[in-house]
Amino acid sequence: MIKGFGGIFWRTKNPEAIKKWYGETLKLEFNDWNGTVIKPQADNETAFSFFKEDDEYFPAEQQTMLNFQVESIDETIAHLGRIGVPLAKEKESSEYGQFIWIKDPEGRLIELWEK
C-alpha cells in the first residue's frame, strides 16, 4: 500500500533563516513554497523506525530526528568544517554504515549517514 514517504513537515520560528541554514549546510535548494523535493537515487533507502521515549539515541525532547543519506561522510565532514558547522557527536561506524550528527539553528539533532 505504501509507495514511499511523501514529505516531512515541521513548524519553525523563522522559515527564511532555517531555509538558508539547510541550504548552506546540506546544499538543499528551496522553492517559493518553503520546500524542496529530494529525489531518491538508485542506492538510497528510507528507514522508518520507532524509538522508546527514554531511548538516548537522540534527545528525548525531540520527537523526531531527520536522517539524510550522503554520498561521502568524509566529504560532508570537510564541507561542514569549511562553513563552521560543528559535529554534535563524533563519527561512528557500524554494520549499517558511517554516521555523524549536527544540530540545526533551532537545536534539532540531524543524523547524516553514509551507507
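Q: Is there a simple way to think about unusual backbone geometry in this case?
A: When glycine is set aside, most residues are seen to have a negative phi, and most peptide bonds are trans. Phi is positive for Lys 27, close to 60°, though the residue is something other than glycine. Turning to its location among the elements, Lys 27 is positioned in the loop between helix H1 (15-26) and strand E1 (66-69). The class of Lys 27 is exposed, set by a relative accessible area of 58%. Positioned with a positive phi, Asn 34 is a non-glycine residue whose angle comes to about 70°. Its relative accessible area of 42% is what places Asn 34 among the partly exposed residues.

Q: Looking at this structure, how should I read the nonpolar core?
A: Side chains of a nonpolar character, in soluble globular proteins, are inclined to be buried together. Core analysis: the largest hydrophobic core is formed by 15 residues, its most contacted members being Tyr 22, Leu 26, Phe 68, Ile 102, Ile 110 and Leu 112. For this core, the secondary-structure elements that each account for two or more residues are H1, E1, helix H2 (73-83), strand E3 (97-103) and strand E4 (109-114). For this core, the element with the highest residue contribution is H1, accounting for four residues. Residues contacting Phe 68, with those up to four places away along its chain left out, are Tyr 22, Leu 26, Leu 28, Ile 38, Ile 110, Glu 111, Leu 112 and Trp 113. With six residues, the next largest nonpolar core counts Phe 58, Trp 101, Leu 109 and Trp 113 among its residues.

Basis of the calculations
Residues numbered from 1 in each chain as written. Predicted model: local features only at pLDDT ≥ 70, side-chain atom pairs only at ≥ 80, totals over all residues. Heavy atoms only, no water. Helix = DSSP H or I, 4+ residues; strand = E, 2+ residues; numbered from the N terminus. Buried < 20%, exposed > 50% of the residue type's maximum accessible area, 1.4 Å probe, protein only. Core = buried A, V, L, I, M, F, W, Y, C linked by side-chain atoms within 4.5 Å. Contact = heavy atoms within 4.5 Å.

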